[in-house]
Amino acid sequence: MDPERARAALEEKRAAAVERLRGLDASFADIVEAARDSNLDDEHDIEGTTIAVDRAQVSSLAAAGRQQLVEIDAALARLEAGEYGICLRCGQPIEEGRLEARPATPWCISCARAETSRR
Ligand SMILES: [Zn+2]
């Protein structure tokens, strides 16, 4: 993929990820606020349980978002180094269509498959 287009796609992805994380931060603050307002003395407080679940969901979404940012930044660094679009695992060029769909991916299709099945 043409480096300028790759950069634009990555920048766009990055901005969207930052925006999403900002939104999650805001909802995390809301949840913490709601937790403070709820009655903490009542162990059977249904709302308290819901808050704990919300909190866990928001933090796992935030963790995924931060992971995504790390991948995007790594892809931007590879772009700077002139190594963008090369699979980190096998050193072969990553399929064009795959880069279109996932500009930050560090792996070609077959290596991505191998990585996912390993987990
Ligand atoms: Zn590969």
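Everything discussed here concerns the structure shown above.
Residues numbered from 1 in each chain as written. Predicted model: local features only at pLDDT ≥ 70, side-chain atom pairs only at ≥ 80, totals over all residues. Heavy atoms only, no water.

### Here we look at the coordination of the zinc ion
Thought 1: Donor atoms from the polypeptide that bind the zinc ion are Cys87 (SG), Cys90 (SG), Cys108 (SG) and Cys111 (SG), placed at 2.2 to 2.3 Å.
Thought 2: One can describe the site at the zinc ion as tetrahedral: its 4 donor atoms subtend angles covering 103 to 118° at the metal.
Thought 3: Each donor residue of the zinc ion belongs to the same chain, with the gaps between them written as C-x2-C-x17-C-x2-C. (Donors = N, O, S within 2.8 Å, 3.2 Å for Na, K, Ca; no water. Tetrahedral: all angles 85-135°; square planar, octahedral: opposite > 155°, others 65-115°.)

### Focus: the nonpolar core
Thought 1: Counting residues in each nonpolar core, the largest one holds 22 residues, and the members touching the most others are Leu10, Ile72, Leu79 and Tyr84.
Thought 2: Broken down by secondary-structure element, the contributors of at least two residues to this core are helix H1 (3–37) and helix H2 (46–80).
Thought 3: When residues of this core are assigned to their parent elements, the largest contribution, 8 residues, is made by H2.
Thought 4: In this structure Leu79 touches Pro3, Ala6, Arg7, Leu10 and Tyr84, once residues within four positions along its chain are discounted. (Core = buried A, V, L, I, M, F, W, Y, C linked by side-chain atoms within 4.5 Å. Buried < 20%, exposed > 50% of the residue type's maximum accessible area, 1.4 Å probe, protein only. Helix = DSSP H or I, 4+ residues; strand = E, 2+ residues; numbered from the N terminus. Contact = heavy atoms within 4.5 Å.)

Function cannot be read off these values alone, since they describe shape.
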